[in-house]
Amino acid sequence: MSQGIGAPVKRKEDKRFTTGKGKYTDDIRMENQAYAAFVRSPFAHARVRNIDTSAAMVMDGVIAIHNGAELTGDGIGNIICGWAITSKDGSPMNMGAWSALATEKTRYVGDAVAIVIAETKAQARAAAEAVDVDYEELPVAATIAAALADDAPQIHENAAGNIVYDWEIGERDATDKALANAAHVTEMDITNNRLSPNPMEPRSAIATFDEAEDHYTLYTTSQNPHVARLVLSAFYQVAPEHKLRVIAPDVGGGFGSKIYIYPEEIACLWASMKTNRSVKWTSDRTEAFLTDAHGRDHLTKARMGFDAEGRIVGFKVSTKANFGAYMSLFSSAVPTYLYATLLSGTYNIPNIYCEVLGVYTNTVPVDAYRGAGRPEASYLVERMMETAARELGKDPAELRNINFIREFPHQTPVIMNYDSGDFEGNMRQAMEAADWAGFAARKAESRARGKLRGIGMSCYIEACGIAPSAAVGSLGAGVGLWESAEVRMNPVGTIEVLTGSHSHGQGHETTFAQVVADRFGVPIDSVQIVHGDTDKVQFGMGTYGSRSGPVGMSAIVKALDKVEAKIRKLAAHLLEVSEADIVIEDAQAKVVGTNKSLAWHEIGLAAYTGHNLPEGMEPGLKEGAFYDPMNFTFPMGCFICEVEVDPQTGKTEIVSFVASDDFGTIINPMIVEGQVHGGIAQGVGQAMLEEVRYSEDGQQLSASYMDYAMPRADDLPNFEVLHHGTTCTTNPLGMKGCGEAGAIGTPPAVINAITSAIGNNDLNMPTTPAKVWAAINAARIAAE
Amino acid sequence: MSEIKMTVNGKPVRGDVKDNTLLVEFIREHLRLTGTHVGCDTSQCGACVVHVNGKAIKSCTMLAASADGAEVTTIEGVANGDLHPMQKAFNDNHGLQCGFCTPGMIMSGIDMVQRYKSAGKTLDEAAIRHELEGNICRCTGYHNIVKSIAQAAGEM
């Protein structure tokens, strides 16, 4: 069976994971290892008057306790946000200072004020409990509304009114005019619920300082170890880049939350130097809820105008985005360039205006979580379309269909330029698979059993493959968003691919090897993928935003091009033919129309012995490439969800879920479908189960799996995942990316289905049985 | 401190542990068998499932001292030369992504197949989903985990 592009090859990495031989950060133990625990603020907003460590310092096993004043005194820099956003009035965003260990004030429950180092984990934790911090409690703003109230406490001195920025995109006047002249305007208030990403592996770090070499090593649960090293060096001044090695070994899921460089990694590195010990810290689950960046948390008011035929004439959006207590690494870009730029959805919308108010609150920092801005955009657009169809008395599929973009490239009013797609094709495929036409009969059958049945659709689009470096630079990004790769062919013909992408569940060891197998006809077992270590791979921007395919693999393709060119030249020389007569297939360099060929190891050996090379050719066979994308990519598709609701209990069951996606070229359909399954599950989680809740005084009420409803097996149906692809025109493999689609397209499909079942459109995520029951009864009472 | 002795993956082991040492801590930190994972601390996620005297238990919820004298099997002890049919089924059906929950899923999967077989009950899809109540996966949406366990149930 082919192992090349398009083959559902089983994963190479599975053996170690199914036998318990994976190597995650917490599995690693260093010589001379000590353990860290953090002293965390129990108050959401408090002044730190004094930290008394005297009782803790004399406890068994305690090595050291350090605070924020010592940390900043040693020149460790504040944590930064890497994307500069400019407000409407031209002013820069108001980034409040964020020290890895809080000095004067704590701003959320969990904000660390000190690090305790001890011989064992239990001793470190016990001592952390014994550190006596004198807090002066301050008034708390735990929600957007509280932070914007007239009497709100000031969370950061430099952010008046707790405003991070007041940003806009699009044409306000033209959109207002279009809405004023519209035949129909649909208006909605939409809440996008706050989520915790919850990769199953909690964050962990082991920092080691080598005094003799003046060198640091950090093992960490990172989606992008090179970015971690860059930020730790350039901004936090922990160590210069050449004196800091960052290794992200097996990482147990990320979903965005492991992009960021958190206070704990910074403090552990610094503490390893202070104590001359390896310092290890592993989060527990409640600590993860209290410190891992959260996602979503938007409040939006939107108006969408239609002409008499149902064509959209304008879309005006006003969103308030909760940033939490500090600006995390990519936080500023999420509700702006990753959200508002997708508000055209899959539709021709001539006029769009969006304004976004970024707001500080006394909660965990909020940043990119699977989809990052695009789920919020997709939810808004697709809830608006469904609601408009109901108000206009039109079939929701038909309303979408008359508004679909059909010509490409398509320039939206909000920056994005879509390269390809067949929106109606995906919708028709999904409708057929879901038996859309047979829904009325199924609804009647449910009704006969006393159940309410509903069907809902979403036609999402998203932007992946972030992104052309110059373009994002012009929009405020502090980094370029290219990717690097190096292809090394060894003398025996085996191949190593070094990549700046990072696999934490995506299966790169298999799919990246498939790209090489496709090119040369070598078996994937002779290809090793090397990633996750800054000493091995020169540089890379890591894995997030579904970029490993469209950007990471494109870099590999570029490097393969160079290797192939050298092989052709060498083979032509050795076989005494012209390069044009050489074909590479089945792991051989063959001469067209003859039986002359070179075996793969013969090519490798010839390159490395260097005994007989063409004039001017260097020995060896190793090439590197940096790939900078030409454009974002635009995965899109149609999801259809069908639900049955029990009106007696409000319990909702998903009875079928169909996804038709356009991901462009697919390397391994088995892995791609797995990505979609997981994304849908997280989307169902957002729609029906998950929500981070805070009390008014900023205590997190949902900080364990006893309280935060993670989707479990019996919450979910089987999914039908289909492909209807066009080819992306802006990267060499034609890939669009598949990692986030499920999480982006699912919530609106689920809520459109449930609201159609219960006949009440006023329903917010997550749709707990209590909420659904109340909505059913509110609709019944209103009808009476 | 207590001295404990048990058989882990067929080998006798002993250790001196504090009375509050959890079984998962003994397995991971004393025996250095790191395939058994800790994902939640509240007995919800099931990443720490091992078999004690033939039953699936969450090793974050049992004291090491309580397992004194027990027969313990961890993910490292499941394969007998070749992969166990459950391990193979997870590979065949793409039943894992990041791999962190996988050891617990496999240990729970083996346990549920054995229980249903010995009770003469059919382990259908609904039963598998119900039985997985104590194992959380964030990557796969369970679709392929259910397929994996169903395949292994036919082969075990």
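Fair warning: this is a prediction, and the values are worked out from it, not measured in the lab.

## With respect to the overall build of chain A
Then comes step 1: If you tally the helices and strands in chain A, you get 20 helices and 28 strands.
Then comes step 2: Over its C-alpha trace chain A gives a radius of gyration of 27 Å, about what one expects of a compact globule, namely 28 Å for 784 residues.
Then comes step 3: Dimensions of chain A along its principal axes, counting C-alpha atoms only, are 90 × 75 × 50 Å.
Then comes step 4: A burial count over chain A gives 59% of its 784 residues as buried.

## A look at the overall build of chain B
Then comes step 1: What chain B contains, in helices and strands, is five helices and five strands.
Then comes step 2: Across chain B, helices and strands are ordered from the amino to the carboxyl terminus as β-β-α-β-β-β-α-α-α-α.
Then comes step 3: Taken over C-alpha atoms, the radius of gyration comes to 15 Å for chain B, in line with the 15 Å a tight globule of 156 residues would show.
Then comes step 4: Counting all 156 residues of chain B, 57% fall into the buried class.

## So, the sheet that holds strand 19 (residues 483-489) of chain A
All names here are of chain A.
Then comes step 1: Read across the sheet, four strands follow the order 21-20-19-25 without closing on themselves; strand pairing throughout is mixed. Two strands close off the open sheet at either side, each with one partner strand: strand 21 (527-530) and strand 25 (622-627). Along the sheet, successive strands turn relative to each other by an average axial angle of 15°, direction set aside.
Then comes step 2: The sheet contact formed by strand 20 (residues 495-499) and strand 21 spans four bridges and is parallel. Counted as the bridge partner of L498 is V530 from strand 21.

## What to know about the domain arrangement of chain B
Reports of interface size often rely on the accessible area that becomes lost once the parts have come together.
Residue and element names in this part refer to chain B.
Then comes step 1: Segmentation of chain B into domains returns domain 1 (2-77) and domain 2 (85-155).
Then comes step 2: Across the boundary between the two partners, domain 1 contributes 15 residues, which contact eleven residues of domain 2.
Then comes step 3: Looking at the side of domain 1 that touches domain 2, the elements that each hand over two or more residues are strand 3 (49-52) and strand 4 (55-58).
Then comes step 4: Per-element accounting of the side of domain 1 that touches domain 2 gives the leading share, three residues, to strand 3.
Then comes step 5: Partitioning the side of domain 1 that touches domain 2 into residue classes produces seven nonpolar, seven polar and one charged.

## Topic: the interface of chain A and chain B
Then comes step 1: Counting from both sides, the interface comprises 40 residues of chain A and, opposite them, 42 residues of chain B.
Then comes step 2: Those elements that provide at least two residues to the side of chain A that touches chain B are helix 1 (14-18) and helix 18 (669-689) of chain A.
Then comes step 3: Considering each element in turn, the side of chain A that touches chain B owes the most residues, seven residues, to helix 18 of chain A.
Then comes step 4: Among the residues forming the side of chain A that touches chain B, the class breakdown is 15 nonpolar, 14 polar and eleven charged.

## Points about the confidence of the model for chain B
Then comes step 1: Confidence in the prediction of chain B, expressed as mean pLDDT, is 97, and 100% of residues score 70 or more.
Then comes step 2: Scoring the predicted complex yields pTM 0.97 and, for the interface, ipTM 0.98.

## So, the environment of M57 of chain A
Residues and elements named next belong to chain A.
Then comes step 1: The topology assignment puts M57 in helix 2 (residues 54-57).
Then comes step 2: Residues M57 and A130 lie 73 residues apart in sequence; the distance between their C-alpha atoms is 8.9 Å.
Then comes step 3: Ignoring any residue separated from it by four or fewer positions in sequence, one finds M57 in contact with V62 and I65.

## Quick word on the packing of helix 10 (residues 374-392) of chain A against helix 19 (residues 741-758) of chain A
Residue and element names in this part refer to chain A.
Then comes step 1: Close contact between helix 10 and helix 19 brings their axes to 8 Å; oriented N to C, the two are set at 30°. Classified by the angle between their axes, helix 10 and helix 19 sit roughly parallel to one another. Between helix 10 and helix 19 lies a crossing whose hand is right-handed. For the pair formed by helix 10 and helix 19, the contact residues are R374, P375, S378, Y379, E382, R383 and E386 on the first element and A743, I744, G745, P747, P748, I751 and N752 on the second.

## Comments concerning the domain arrangement of chain A
Residues and elements named next belong to chain A.
Then comes step 1: Each assigned domain of chain A is listed here: domain 1 (14-138 + 201-252 + 258-291), domain 2 (295-466 + 631-783) and domain 3 (482-627).
Then comes step 2: A separation of 40 Å is found between the C-alpha centroids of domain 2 and domain 3.
Then comes step 3: Listed by partner, the interface residues are 19 residues for domain 2 and 16 residues for domain 3.
Then comes step 4: A breakdown of the residues in the side of domain 2 that touches domain 3 according to their chemical character gives eleven nonpolar, six polar and two charged.

## Considering the sheet that holds strand 3 (residues 62-67) of chain A
All names here are of chain A.
Then comes step 1: Here we have seven strands laid out as an open sheet, ordered 3-5-1-12-9-10-11, and mixed in their pairing. The open sheet is flanked by strand 3 and strand 11 (244-247), the only strands paired with a single partner. Here the average twist between neighbouring strands, direction ignored, is 20°.
Then comes step 2: Sheet strands in contact with helix 7 (residues 225-234) are strand 10 (215-220) and strand 11, and its direction is about 145° off that of strand 11.
Then comes step 3: In the packing of helix 8 (residues 263-275) onto the sheet, contacts are made with strand 1 (33-40), strand 3, strand 5 (112-118), strand 9 (204-210), strand 10 and strand 12 (278-282), and the angle to strand 9 comes to roughly 30°.

## Digging into the environment of C60 of chain B
Residue and element names in this part refer to chain B.
Then comes step 1: Following the sequence through the fold, C60 ends up in the loop between strand 4 and strand 5 (71-73).
Then comes step 2: Residues C60 and A47 lie 13 residues apart in sequence; the distance between their C-alpha atoms is 9.2 Å.
Then comes step 3: In this view, C60 contacts L22, V24, V38, D41, S43 and C48; residues no more than four positions away in its chain are not counted.

## Some details on helix 4 (residues 121-130) of chain A
All names here are of chain A.
Then comes step 1: Turning to helix 4, its buried residues number three or more, namely Q123, A124, A127 and A128. Buried residues along helix 4 cover an arc of 135° about the axis, so they all sit on one side.
Then comes step 2: The secondary structure elements touched by the buried residues of helix 4 are strand 1, helix 2, strand 3 and strand 5.

## Notes on the nonpolar core
Residues and elements named next belong to chain A.
Then comes step 1: In terms of nonpolar packing, the biggest core is built from 304 residues, with A36, V116 and I556 touching the most fellow members.
Then comes step 2: Sort the elements by how many residues they give to this core and helix 16 (residues 548-575) lands first, with eleven residues.
Then comes step 3: Setting aside anything within four residues of it in sequence, one finds I556 in contact with A485, V487, V497, T499, F512 and V515.

## Considering the packing of helix 15 (residues 508-520) of chain A against helix 16 of chain A
Residue and element names in this part refer to chain A.
Then comes step 1: Contact geometry of helix 15 with helix 16 gives a least axis separation of 11 Å together with a crossing angle of 35°. Here the hand of the crossing between helix 15 and helix 16 comes out right-handed. Across the interface between the two elements, H508, F512, V515, V516 and R519 from helix 15 touch S548, M553, I556, V557, L560 and E564 from helix 16.
Then comes step 2: Residue composition of the contact of helix 15 with helix 16, by class: seven nonpolar, two polar and two charged.

## As for helix 3 (residues 102-118) of chain B
Residue and element names in this part refer to chain B.
Then comes step 1: When the terminal C-alpha atoms of helix 3 are compared, their 24 Å separation across 17 residues agrees well with the 24 Å that a helix rising 1.5 Å per residue should span.
Then comes step 2: Listing the buried residues of helix 3 in full gives T102, P103, G104, M105, I106, M107, S108, G109, I110, M112 and V113.
Then comes step 3: Looking at the residues trailing helix 3, positive phi occurs at G120, about 70°.

## What about the pairing of strand 11 of chain A?
Residues and elements named next belong to chain A.
Then comes step 1: Here four bridges tie strand 10 to strand 11, and the two strands are oriented parallel to one another. Directly across from T217, in strand 11, lies its bridge partner R245.
Then comes step 2: In this region the chain leaves strand 10, passes through helix 7 and returns to the parallel neighbour strand 11; the handedness of that crossover is right-handed.

## Brief notes about unusual backbone geometry
Residue and element names in this part refer to chain A.
Then comes step 1: With omega at 0°, the peptide bond leading from F408 into P409 counts as cis.
Then comes step 2: In this structure, P409 sits in the loop between helix 11 (396-403) and strand 16 (410-411).
Then comes step 3: In this structure, A467 follows I466 across a cis peptide bond, with omega equal to -10°.
Then comes step 4: Within the fold, A467 resides in the loop between strand 18 (452-461) and helix 14 (469-474).
Then comes step 5: Although it is not a glycine, N198 adopts a positive phi angle of roughly 60°.
Then comes step 6: Summarising the element assignment, N198 is placed in the loop between strand 8 (184-195) and strand 9.
Then comes step 7: What makes N198 buried here is the crowd of 25 C-beta atoms within 10 Å.
Then comes step 8: Phi at I415 is positive, roughly 75°, even though this residue is not glycine.
Then comes step 9: Along the chain, I415 falls in the loop between strand 16 and strand 17 (417-418).

Parameters at a glance
Residues numbered from 1 in each chain as written. Chains lettered and ligands numbered in written order. Predicted model: local features only at pLDDT ≥ 70, side-chain atom pairs only at ≥ 80, totals over all residues. Helix = DSSP H or I, 4+ residues; strand = E, 2+ residues; numbered from the N terminus. Rg over C-alpha atoms; globule rule 2.2 N^0.38 Å. Buried ≥ 20, exposed ≤ 12 C-beta atoms within 10 Å, placed from the backbone. Pairing = 2+ DSSP bridges. Axes fitted to C-alpha atoms, helices over the stretch in contact; angles between N-to-C directions. Domains from an automatic or database assignment. Contact = placed C-beta atoms within 7 Å. Nonpolar A, V, L, I, M, F, W, Y, C, P; charged D, E, K, R; others polar. pLDDT = per-residue confidence, 0-100. Parallel < 35°, antiparallel > 145°, perpendicular 65-115°, else oblique. Left-handed = near helix turned anticlockwise from the far one by under 90°. Arc of directions from axis to C-beta. Core = buried A, V, L, I, M, F, W, Y, C linked by C-beta atoms within 7 Å. Expected span 1.5 Å × (residues − 1). Right-handed = clockwise from strand over helix to strand, strands pointing away.

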